[in-house]
Amino acid sequence: MSNFVVQSQSQYDQLYKESIENPEKFWGDFAEQEFAWRKKWDKVLEYDLSKPYIKWFEGAKLNITENCIDRHLATKGNQTAIIFEPNNPNEEALHITYNELAKNVNKTANMLKANGAKKGDRICIYMPMTPELTYAVLACARIGAIHSVVFAGFSAKSLSDRINDATCNVVLTADGGYRGDKITPLKEITDEALQSCDSVEKVIVLNRTNSKIAMEYGRDVWWQDEFAKASDECPAEVMDAEDMLFILYTSGSTGKPKGMVHTCGGYMVYTNYSFRNVFQYEEGDIYWCTADIGWITGHSYIVYGPLSAGATTVMFEGVPSYPDMGRFWQVVEKHKVNIFYTAPTAIRSLATCDISLVNQYDLSSLKTLGTVGEPINQEAWDWYNNHIGKGNCPIVDTWWQTETGGIMITSIAGVTRDIPTYATLPLPGIQPCLMDENGNELSEGEQEGRLCIKYPWPSMARTIYGNHQRFAETYYNTFPGKYFTGDGAKRDSNGNYRITGRVDDIVIVSGHNLGTAEIENAINEHSNVAESAVVGYPHDIKGNSIYAYVTLKNNVGSETINDEIKDLVSKTLGPICKPEKIQITSGLPKTRSGKIMRRILRKVAANEMDNLGDISTLLNPECVEEVIKGRV
Ligand code: PRX
């Protein structure tokens, strides 16, 4: 067992201390002991957060796939790397060994090369949760191409925006993707997206659903045909530690999503480190993270973290509600899952169902539970603990972000104490702090403020693709010298953190990070809409939901306007962005400089009318009353 995997509270204390007294030694020792490098680094860390300028392991050479695959083959070639559980419970599950993973990734890599992909190219992956998605991600890494995975629930417009932002030359997709009893027409959506993407030269299409689709001659090829032709040997491209590994888009406060850039060396080091520590993965454990690889959780804790640790990771193609709301527990029983990692929103929705859907399955294999993506409320925590963990499993509430690359604040399963509704303590190596609104760091002990990280860690995002200025402004200018997370947090007298939620214009709906500006832009595209303001409001199952205030041109609408707006958002951005509530109003409260007062709209949507603050300085205070009366 590595001495970097914490085994006791006292070891945590000791390691934490060492990690902040001498971070370079800490990370340098871990990186040296635990990975296969082609060449060692010249310097562990170089940084200046005022620029920001961040380089980890500069001068080192590696390929992350050699660490996720090749180095395991001598001892674990026949061990299962991936258990694939299909959407349809009657379709056979697949157990893919590390040997098979190696061959499949190499074949996929050669398939990519044969279709024009090369080192440094950006490859868009818009695929269902099949093993080929994992092969595709790793195949890009193998040849040094930069993957940009777009969640397969996003619309054609979201897809084309992301393809264009990164000027991708190859797109990997499927004819369709199974989701419960539905099929998402991925190729059709891709075709629509590509009408406005000039950079794309090749589309490789996996046949998953046997759907009838159009193939464009010269551009589109079938995955299975290309794969069959490809050799199963492909030498790994030697990469610099600071070369880009991937781009992953996340919502921003302005309408445009941000392409977060992660690099090869630091990301590999930190996802492995955090995976092994947080979940205390032991040889032979079956680990299941229910996220989609389209999100950072899937990148870090389905693919890279577990595979670099030589683990067995479950990939689930389906949804928690199909064929019924007992599906998660049926899969836990079937594959004897030991470590189960999911989102609070899933727990809340499953907790509303008949408990027999849980109790008919044997969950005794479970030893560790985890949550991610949003705060978990006490009731959901209790239900998870009592009914799933049967009171015997530690629950790690892991706080982190697309930008952080890996888990930052969490308990360590069975080692440090978990406290319901608290993410608890930073992992060794992570230095959080709380800031007040005037930019002062709040001293040790019990405090509430804005959550920042004051020292670099290896998997931090390096930039926003193509827009370093925006990266600096979004994350490093608010509190100079510190990374600003956009979250608020409380800290207790023992140093435990409790995340209170976003303090910017991002709303977390069912664990998905949505930018209100982007939704407003979509609503404003409706020909009758004059203006809109989108806010989040508390929702029992989803954590938050979307409330849209809309004014119409000449105040003239139609009976179907609400449905039209919902359809438009769904089509423009994807169904997850659809407003739950729409209020048509004749005006929106504005400051004298014309800025919409979202603070007031947030309070009205949350039904907190008694505490609206001073409205006398508004340009149009009279409209507040209308907004209150018209609340839906
Ligand atoms: O607000 C925090 C919330 O999710 C945001 C990051 O979203 P995203 O980049 O999509 O990554 C989600 C998966 C890592 C954070 O700024 N968040 C994430 N985890 C937690 C959380 N809020 C409270 N508790 C958590 N455990």
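Bear in mind that the values here come from a model prediction, so they are computed numbers and not experimental data.

Criteria and thresholds
- Residues numbered from 1 in each chain as written.
- Predicted model: local features only at pLDDT ≥ 70, side-chain atom pairs only at ≥ 80, totals over all residues.
- Heavy atoms only, no water.
- Pairing = 2+ DSSP bridges.
- Helix = DSSP H or I, 4+ residues; strand = E, 2+ residues; numbered from the N terminus.
- Axes fitted to C-alpha atoms, helices over the stretch in contact; angles between N-to-C directions.
- Parallel < 35°, antiparallel > 145°, perpendicular 65-115°, else oblique.
- Contact = heavy atoms within 4.5 Å.
- Buried < 20%, exposed > 50% of the residue type's maximum accessible area, 1.4 Å probe, protein only.
- Phe/Tyr/Trp six-rings, centres within 6.5 Å; stacked < 30°, edge-to-face > 60°.
- Lys NZ or Arg CZ within 6 Å of the ring centre and 35° of its normal.
- Salt bridge = Lys/Arg side-chain N within 4 Å of Asp/Glu carboxyl O.

Trainee: Looking at this structure, how should I read the sheet that holds strand E7 (residues 146-149)?
Mentor: Backbone-to-backbone hydrogen bonds pair the strands of a sheet. The strands run either parallel or antiparallel. Spatially, E12-E11-E8-E6-E7-E14-E15-E23 is the arrangement adopted by the eight strands of the open sheet, whose pairing is mixed. Each edge of the open sheet carries a strand with a single partner, namely strand E12 (220-222) and strand E23 (463-464). Sheet analysis places E7 next to strand E14 (residues 244-250), joined by two bridges and oriented parallel. What sits directly across from serine 148, in E14, is isoleucine 247.

Trainee: Whenever I open this one, the packing of helix H2 (residues 23-34) against helix H10 (residues 264-279) confuses me. Can you help?
Mentor: Remark: H2 packs on H10, axes separated minimally by 11 Å, with the N-to-C direction vectors making an angle of 90°. Considering the angle they form, H2 stands roughly perpendicular to H10. Contacts from Phe26, Trp27, Phe30, Ala31 and Glu34 of H2 reach H10 at Val269, Tyr270, Asn272, Tyr273 and Arg276.

Trainee: How should I be thinking about unusual backbone geometry in this particular structure?
Mentor: Trans is the prevailing form of peptide bonds, just as negative phi is the prevailing case for residues other than glycine. Here the residue pair lysine 51 and proline 52 is connected by a cis peptide bond, since its omega of -10° sits within 30 degrees of zero. The topology assignment puts proline 52 in the loop between strand E1 (43-48) and strand E2 (53-58). For the bond from tyrosine 322 to proline 323, the omega torsion is 0°, close enough to zero to count as cis. Mapped onto the fold, proline 323 is located in the loop between strand E17 (312-316) and helix H12 (327-335). In this model, glutamine 280 sits at a positive phi of 55°, which is unusual for a non-glycine residue. Accessibility expressed as a relative area gives 13% for glutamine 280, which makes it buried.

Trainee: Is there a simple way to think about the packing of aromatic side chains in this case?
Mentor: In this description, an aromatic ring pair is defined by two values, namely the gap between the centres and the angle between the planes. Within this structure, the stated rule accounts for 46 aromatic pairs. Ring geometry for tyrosine 537 against tyrosine 547: centres 5.9 Å apart, planes inclined by 90°, an arrangement best described as edge-to-face. Highlighted residues: tyrosine 537 in strand E28 (residues 529-539) and tyrosine 547 in strand E29 (residues 543-552), separated in sequence by 10 residues. Tyrosine 547 carries the same exposure label as tyrosine 537, and that label is buried. Among the aromatic side chains, those forming a connected cluster through ring pairs are Phe4, Phe26, Trp27, Phe30, Phe35, Trp37, Trp41, Trp56, Phe57, Tyr270 and Tyr273. Over the aromatic face of phenylalanine 227 sits the side chain of lysine 107, whose NZ or CZ is 5.2 Å from the ring centroid. The ring of phenylalanine 154 has arginine 162 lying over it, and the distance from NZ or CZ to the ring centre is 4.4 Å.

Trainee: Please clarify how the pattern of salt bridges should be interpreted in this entry.
Mentor: Between side chains of opposite charge, a pair can form as their charged atoms come close. Tallying each qualifying case throughout the model produces 39 salt bridges. The salt bridge involving lysine 76 is made with glutamate 283; its shortest N-O contact spans 3.5 Å. With lysine 76 in helix H4 (residues 73-76) and glutamate 283 in the loop between H10 and strand E16 (286-289), this residue pair connects regions lying 207 residues apart in the sequence. The exposure class assigned to glutamate 283 is exposed, which follows from its relative accessible area of 62%. Beyond isolated ion pairs, a larger network of salt bridges with shared partners links Lys187, Asp191, Glu216, Arg219 and Asp220.

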